[in-house]
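Here is what each chain is made of, one letter per residue.
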Amino acid sequence: MSNDSLVIKSVWESNFHAEMSIVKQRAMSEHPFVSLTTRLLLCRERTPAGKGWGNPDINYIALRVTVNEFKDVVQVGLAMCDKQGRLPLCKETGKPCVWEFNLKPVEAEPDITKEEEFLKKFCSNVTAEQLRSEGIHPALFAAELRDCGLLLRGKISWVVFKGGLDFMALMRSWETQGAEGLTLEYAEFFRLLALYFPLFYDMAAVLGFHPVHDNGTIDVSARSINVSRECNPVEGAASDSLLALRMFMRMKMKEKGCDLLEKKAKVLFGVTSEEEAKASLEQFCLLEIIKAAMSNNGVIIKHVWKDNFDVEMSIIRERTMIAHPFVSLTTRLLLCGERIPTGNGWGDSDANYSGLQQATNRFRNIAQVGVALCDKLGRLPRCSESGRPCVWEFNLMPLEEAASNPEREDRFLEQFCGNVNAEQLRSQGIHPARMAAEVWRCSLLMKDKINWVVFKGGLDFAALLRWEKHGAQGLPVERKEFFRLLAIYFPVFYDMAAVMGFHPVADDGTIDVSARAINVWREDVPPHGAASDSLLALQMFVRMKMLKRGCVLLEKKARVLFGITSEQEANAVPTFNMAPF
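One structure accompanies this document, and this report is about it. (Residues numbered from 1 in each chain as written. Predicted model: local features only at pLDDT ≥ 70, side-chain atom pairs only at ≥ 80, totals over all residues. Heavy atoms only, no water.)

A count of helices and strands for the protein gives 25 helices and 12 strands. Per-residue burial over the protein gives 56% buried out of 581 residues. Partitioning the intrachain contacts of the protein with sequence separation of at least 6 by distance along the chain shows that 79% fall at a separation of at least 24. Per element, the accessible surface of the protein, about 25,100 Å² overall, is 52% carbon and sulfur. (Helix = DSSP H or I, 4+ residues; strand = E, 2+ residues; numbered from the N terminus. Buried < 20%, exposed > 50% of the residue type's maximum accessible area, 1.4 Å probe, protein only. Contact = heavy atoms within 4.5 Å. Areas by Shrake-Rupley, 256 points an atom, 1.4 Å probe, with all protein chains shown as cover.)

Structure follows, in structure tokens:
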């Protein structure tokens, strides 16, 4: 029942009074945040099921039917912490602990087979025989909890997840002494809820659910803010309570997360009226920012040189093929300080393509390639050494043995490549031929399952396609041939400049200004190398993907390259900044 850092204290009739005394003492003294989860025997789903808020009146009736049908509360999990998120320590082991109270069923004619199957899956392998012989009598537990001094106190902050079931199950035991069905009407339920639990936070209501990626369960919701279980795979009530408490503290430790918690206090998922609970667009945007910041907090940039090139390329290949199919790409051409087209206008696509040809012929050296990956929830891969989310920055050797203008190169590198210097590139950089060969055989290209993300990506794709069989001859003469090759090697891509568009006055055509339009900000400090741009573009993509209308727009703007795709084709769908969103 314990792991290296946590003990789940199983509470039975024999140790009930002793453990309840400890719970009361800890909560009243220095652990005022208390997370609660109940398990109703044979009840396999929280109500409301799924991820939608639904109709509160219908959900309330469904809750009442559920607690009246599944009468037996067989497990109650309690987890508590102090203001720093620290759990109380177990007196016997000195390890952090949570409590799991095991209650005696009162059903006269049990279906033992169904019970055993349910308990094995949802109650930490407790058996039906154990519950009936050693379990706490429900009336005793209800009376002790009601009279223990934790209820009716505004200083205790209760934490739940889809907590309607938990609160109603406990109210049934208090209001009907367990013998009758609960008949409380909607308004009376909330009156009693405010009386017994004056301050509570339902983490399902606080976080909400993504309409596509979430399934309405606590685990998926927790992972969206980078919180995971600490207990064994068989999730008992204590494990759920601890997970909800960790989610609460994760939000509380962030200033904006703390603000959102206070706005969502006393809101019960699916049961509070939707008008009262529904977040404003500003709150929704705030939540998405919080989730992104928490999930990818403390990003490190892995600098790749010739010595660690093979190892890091192997990691990227493995991560993208398994769980991180969204790949953001940025190149830095030595001495090329502008993306093409420059500015915020689309311009003439043929003229812009001609500009791409000239730029890739003039600036032949790719000095840096930035790569950022994420999974479907926007989470970056973790660095095996530090455990922190990471992105990659490949540093390439210039083709010329010596710089014709070293001072100019160093100024460019200092401004655009994160303080890498020309001497480093020539002595430690990856040979372009080696990088090109690995890129073409790494299995990331020519795959529909890989989604490439760029910002004004014509230059990036042009620089890489130049490595292909056309090599020294440069890009194809015809723009049509360029797009044919692009469709082969990068079948699915999203150019965030094309998706977002630019305000004709407020935008200057740079990635930073475009990102700030949707409340996305850089993770690092200047100077920004290629990896920083790749991460910023990827975060813009994820931010759009989390918005329903943004997701639709992404699909409509797929394979549109800013300034290079014909303007007539590109304007068939309005950009984000121009659409009436």
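For the rest of this paragraph, the subject is a negative patch on the surface. A surface patch of negative charge is lined by E407, D410, E414 and E423. Per element, the largest residue contribution to the negative patch is 3 residues, and it comes from helix 16 (residues 406-416). Within the secondary structure layout, E407 lies in helix 16. Note on E407: relative accessible area 51%, which makes it exposed. (Patch = residues over 30% accessible without salt bridge, like charges linked within 9 Å, V, L, I, M, F, W, Y side chains within 5 Å. Salt bridge = Lys/Arg side-chain N within 4 Å of Asp/Glu carboxyl O. Lys, Arg positive; Asp, Glu negative; His and termini not counted. Charge placed at Lys NZ, Arg CZ, Asp CG, Glu CD.)

Another aspect to go through is the pairing of strand 8 (residues 326-333). The element strand 8 is largely enclosed, with a buried count of 8 among its 8 residues. Residues F326, S328, T330 and R332 point to one face of strand 8 and V327, L329, T331 and L333 to the other, with burial holding for every one of them. In this structure, strand 8 lies alongside strand 9 (residues 366-374), joined through 8 bridges in antiparallel fashion. Its bridge partner lying in strand 9, L329 is registered against V371. Relative to strand 11 (residues 451-454), strand 8 is paired through 3 bridges, and the arrangement is parallel. Opposite S328, over in strand 11, you have V453 as the bridge partner. (Pairing = 2+ DSSP bridges.)

Here the focus is the pattern of salt bridges. Side chains that differ in sign of charge can pair as their charged atoms come close. A complete count under the given rule lists 23 salt bridges for this structure. When the shortest N-O distance is used, the salt bridge between R434 and D310 registers 2.9 Å. One end of the pair, R434, is in helix 18 (residues 432-441); the other, D310, is in helix 14 (residues 309-322), and 124 residues separate them in sequence. On the accessibility criterion, D310 (48% relative accessible area) is partly exposed. Residue D350 is joined to R479 by a salt bridge in which the shortest nitrogen-to-oxygen separation is 3.1 Å. Note that D350 is positioned in helix 15 (residues 349-362) and R479 in helix 20 (residues 479-489), a separation of 129 residues in sequence. Owing to a relative accessible area of 48%, D350 belongs among the partly exposed residues under this scheme.

Counting residues in hydrophobic clusters, the biggest one holds 50 residues, and the most contacted among them are W392, F394, M435, W452, F461, F482 and F490. A total of 6 residues in this core trace back to one element, the largest contributor, which is helix 19 (residues 458-465). For F461, the residues in contact, after removing those within four places along its chain, are L329, V454, F482, L486, F490, F493 and L561. Membership of the second largest hydrophobic core comes to 49 residues, among which are V23, C43, V67 and L78. (Core = buried A, V, L, I, M, F, W, Y, C linked by side-chain atoms within 4.5 Å.)

For the rest of this paragraph, the subject is the sheet that holds strand 2 (residues 33-40). The mixed open sheet is built from 6 strands, whose spatial order is 1-4-3-2-5-6. Each edge of the open sheet carries a strand with a single partner, namely strand 1 (7-11) and strand 6 (200-202). Mean inter-strand twist for the sheet, computed between neighbouring axes without regard to direction, equals 25 degrees. Pairing of strand 2 with strand 3 (residues 73-81), which is carried by 8 bridges, proceeds in the antiparallel orientation. Bridged to R39 within strand 3 is Q75. (Axes fitted to C-alpha atoms, helices over the stretch in contact; angles between N-to-C directions.)

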